[in-house]
Amino acid sequence: MSNPYLLLTPGPLSTTPTVKEAMQKDWCTWDQEYKAIVEQIRQQLLEVGCASKDHYTAVFMQGSGTFGVEATLGSVIPSDGKLLVLINGAYGKRMEDIARVLCIPHLSLEFKPNEPVDPLVVERKLIEEPSITHVAMVHCETTTGILNPLEAVMDAIKRNRRLAIIDAMSSFGGIPIAVEELQIDFVISSANKCIQGVPGFSFILCKRDELMKCKGRARSLSLDLYDQWETMEKDSGKWRFTSPTHVVHAFKQALKELAEEGGVEARHERYRTNQQIVVDGMTQAGFEAYLPKELQSPLITTFLYPTHIPFTFEHFYNFLKLAGYVIYPGKLTDINVFRIGNMGDVHAEDMERLIEHTLRFVGESNDEN
Ligand SMILES: *Cc1c(COP(=O)(O)O)cnc(C)c1O
């Protein structure tokens, strides 16, 4: 069974055959063996985030990544608190949307999509607005691939004694994040990003003391982070409500493969190499990256529509799809761009072949001209 194409997208991503194979059996959700697996992967996630069991705990939430973000924002901020949302792309904007829909008191600081969040501006805002209790930021804004300066922003947040909620959806497992050292209070990611599992749940690493304060705060029954944690903790590994059993097994296998690859550092290195091949090759083919190198994450790259050849995204997309690659449309409103992801079970050879096909595409487009 081989796939018709490789996914070069922001997720879900291409997974290994062994991760897919792990889903071939049916499992009982409250069986001891199954719950032991849940407990094992909760522990492993803490290790991936360099967080100790004494101070941190991992909670799962059914659904895609957004469900994890919504569960966290909805469960963590008290009714008399105030959230500051840092925005430089669609996923930051989504956190603001969640705050609005859930009637969470909030303020926003918006930066341009090609501009990283500025820790000095954040610090000034925190000093100006003592009512802010929590700050939410996306680590890698998958909208463009821009990497926000997590360490410096955490520094500003902690110096000003606020709580931090980090959407590390597209970076956790692919970029080293020292959750405990940085004192991040809540970190959110999901099964189908850099850990390279399949879609079906999100997970949240929570600072224990802070999570303990969240009992009864949730604005939703099913997305109650504290309640989910309490059940998992008391009934060692049980989820409230049906858990995605196949996805959990695939995730267990994915974590094993992450360790076999050499952990987050090694995966980070592979993704960086992938991204370098893509950017160098696309540049050679006459494409221009939207972001300068120093702002770019190693996960996904945004490219401008080229002007040296007749170009439509649909034409390029279909050409590459026939060649075995699926790329992604852009997500910027004022400028024509597309994205090429390089996370997942994709390797240097795959990226090199992608570039060969792209060069062929450019050549053929020139011939037609
Ligand atoms: C993928 C992603 C999400 C979650 O998206 P879902 O479609 O709900 O899985 C959130 N934030 C970022 C930065 C992401 O890359």
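About the criteria used
- Residue numbering note: each chain is counted from 1, following its sequence as written.
- Where totals are concerned, whole chains, interfaces and linings use all residues; where local detail is concerned, this predicted model gives features only for residues with pLDDT of at least 70, and gives and counts side-chain atom pairs only at 80 or more.
- Heavy atoms from the whole structure form the basis of all side-chain values; hydrogens and water molecules are not counted.
- Any two of the Phe, Tyr and Trp rings considered here, Trp counted by its six-membered ring, make a pair once their centres fall within 6.5 Å; the pair's planes then place it as stacked at under 30 degrees, edge-to-face at over 60, or tilted in between.
- In DSSP terms, a helix is any run of H or I states spanning at least four residues, a strand is any run of E spanning at least two, and both are numbered starting from the N terminus.
- Throughout this description, buried means an accessible area under 20% of the type-specific maximum (1.4 Å probe, protein chains only), exposed means over 50%, and partly exposed covers the range between.
- Working rule for contacts: check all heavy atoms of both residues, and any pair within 4.5 Å makes them a contact.
- Here the axes come from fitting lines to C-alpha atoms, over the contacting stretch only for helices, and the angles between their N-to-C directions go from 0 to 180 degrees.
- In what follows, roughly perpendicular refers to angles from 65 to 115 degrees, roughly parallel to angles under 35, roughly antiparallel to angles over 145, and oblique to any angle outside these ranges.
- With the far helix as reference, a near helix turned anticlockwise by less than a right angle produces a left-handed crossing, and one turned clockwise produces a right-handed crossing.
- Side-chain classes are defined by residue name, with Ala, Val, Leu, Ile, Met, Phe, Trp, Tyr, Cys and Pro counting as nonpolar, Asp, Glu, Lys and Arg as charged, and the others, Gly among them, as polar.
- Any residue with a heavy atom lying within 4 Å of a molecule or strand is counted as near it.
- For the purposes of these results, a polar contact is taken to be a pair of N or O atoms within 3.5 Å, where, inside protein, one atom must be able to donate a hydrogen and its partner to accept one; residues adjacent in sequence count only when each atom of the pair is a side-chain atom.
- In short, Shrake-Rupley with a 1.4 Å probe defines the accessible areas, and a residue's cover is counted only from the protein chains shown.
- The criterion for strand pairing is that DSSP finds at least two bridges linking the strands in question.
- A domain assignment, automatic or from a database, supplies the domain bounds used here.
- Simply put, the buried area is the total loss of 1.4 Å probe accessible area from both parts when two parts are fitted together.
- One speaks of a salt bridge when a side-chain nitrogen belonging to Lys or Arg is within 4 Å of a carboxyl oxygen belonging to Asp or Glu.

1. Regarding the packing of aromatic side chains
- All chains considered together, the criterion is met by 21 aromatic pairs.
- Considering the side-chain rings of Phe-203 and Phe-251, the 5.8 Å spacing of their centres and the 50° angle between planes classify their relative orientation as tilted. Here Phe-203, found in strand E10 (residues 201-207), pairs with Phe-251, found in helix H9 (residues 245-261); they are 48 residues apart in sequence, far enough to count as distant. Each member of the pair, Phe-203 as well as Phe-251, carries the same accessibility label: buried.
- With 5.6 Å between their ring centres and 25° between their planes, Phe-287 and Phe-316 make a pair best called stacked. Of this pair, Phe-287 sits in the loop between helix H10 (263-284) and strand E11 (300-304) while Phe-316 sits in helix H11 (residues 313-323), and the two are 29 residues apart along the sequence. Assigned by exposure class, Phe-287 and Phe-316 land together as buried.
- Here the aromatic cluster, defined as three or more aromatic residues joined through ring pairs, consists of Phe-287, Phe-303, Tyr-305, Phe-311, Phe-313, Phe-316, Tyr-317, Phe-319, Phe-338 and Phe-361.

2. A short note on the environment of Leu-304
- Among the secondary structure elements, Leu-304 is positioned in strand E11.
- Between the C-alpha atom of Leu-304 and that of Glu-294, which follows or precedes it by ten residues, the distance is 17 Å.
- Not counting the four nearest positions on each side in its chain, Leu-304 is found in contact with Phe-287, Glu-288, Tyr-290, Ile-335, Asn-336, Val-337 and Phe-338.

3. Examining the packing of helix H3 (residues 65-76) against helix H4 (residues 90-101)
- Axis separation between H3 and H4 bottoms out at 10 Å; the angle between their running directions is 50°. Compared by their axis directions, H3 and H4 come out oblique. The handedness of the crossing between H3 and H4 comes out as right-handed. Every residue of H4 that contacts H3 at Thr-66, Val-69, Glu-70 and Leu-73 is listed here: Arg-94, Met-95 and Ile-98.
- Of the residues assigned to the contact of H3 with H4, the class counts are four nonpolar, one polar and two charged.

4. Focus on the site of the ligand
- Neighbouring the ligand are the residues Ser-64, Gly-65, Thr-66, Tyr-91, Arg-94, Val-138, Cys-140, Thr-142, Asp-167, Met-169, Ser-170 and Lys-193.
- A distance of 3.1 Å separates an oxygen atom of the ligand from a polar atom in the backbone of Gly-65.
- At 2.5 Å, a side-chain N or O of Thr-66 approaches an oxygen atom of the ligand.
- Contact with the protein chains removes 85% of the 380 Å² of surface that the ligand exposes when unbound.
- Mapped onto the shell around the ligand, the elements with two or more residues apiece are H3 and H4.
- A per-class count over the shell around the ligand returns four nonpolar, five polar and three charged.

5. A closer look at the side chain of Asn-192
- One can find Asn-192 in the loop between strand E9 (186-190) and E10.
- By relative accessible area, which is 7% here, Asn-192 ends up buried.
- Once residues lying within four places of it in the same chain are set aside, the contact partners of Asn-192 are Gly-11, Pro-12, Leu-13, Gly-197, Val-198 and Pro-199.

6. Some thoughts on the environment of Pro-12
- Inspection of the secondary structure puts Pro-12 in the loop between strand E1 (6-7) and helix H1 (17-21).
- Put simply, Pro-12 and Ser-64 are 52 residues apart on the chain and 9.9 Å apart in space, counted from C-alpha to C-alpha.

7. Some thoughts on the pairing of strand E8 (residues 163-167)
- The buried fraction of E8 is high, at five of five residues.
- By the alternation rule, side chains of E8 split into Leu-163, Ile-165 and Asp-167 and Ala-164 and Ile-166, which are all buried.
- Here strand E5 (residues 134-138) pairs with E8 via five bridges, running parallel. By the bridge assignment for E8, Met-137 is matched with Ile-166.

8. So, the domain arrangement of the protein chain
- Parsing the protein chain into structural domains produces domain 1 (6-10 + 263-368) and domain 2 (17-260).
- For domain 1 and domain 2, the distance between their C-alpha centroids amounts to 28 Å.
- At the junction of the two partners, domain 1 supplies 24 residues and domain 2 supplies 27 residues.
- Buried area between domain 1 and domain 2, both sides added, is near 2100 Å², and the carbon and sulfur share of it is 61%.
- Ranking the residues of domain 1 by area buried against domain 2 places Val-264, Arg-267 and Lys-331 at the top, with a combined share of 28%.
- Taken together, the links from domain 1 to domain 2 amount to zero salt bridges.
- At the junction of domain 1 with domain 2, the criterion picks out ten residue pairs in polar contact (both at pLDDT 80 or more).
- When contributions to the side of domain 1 that touches domain 2 are tallied by element, the ones reaching two or more residues are H10 and E11.

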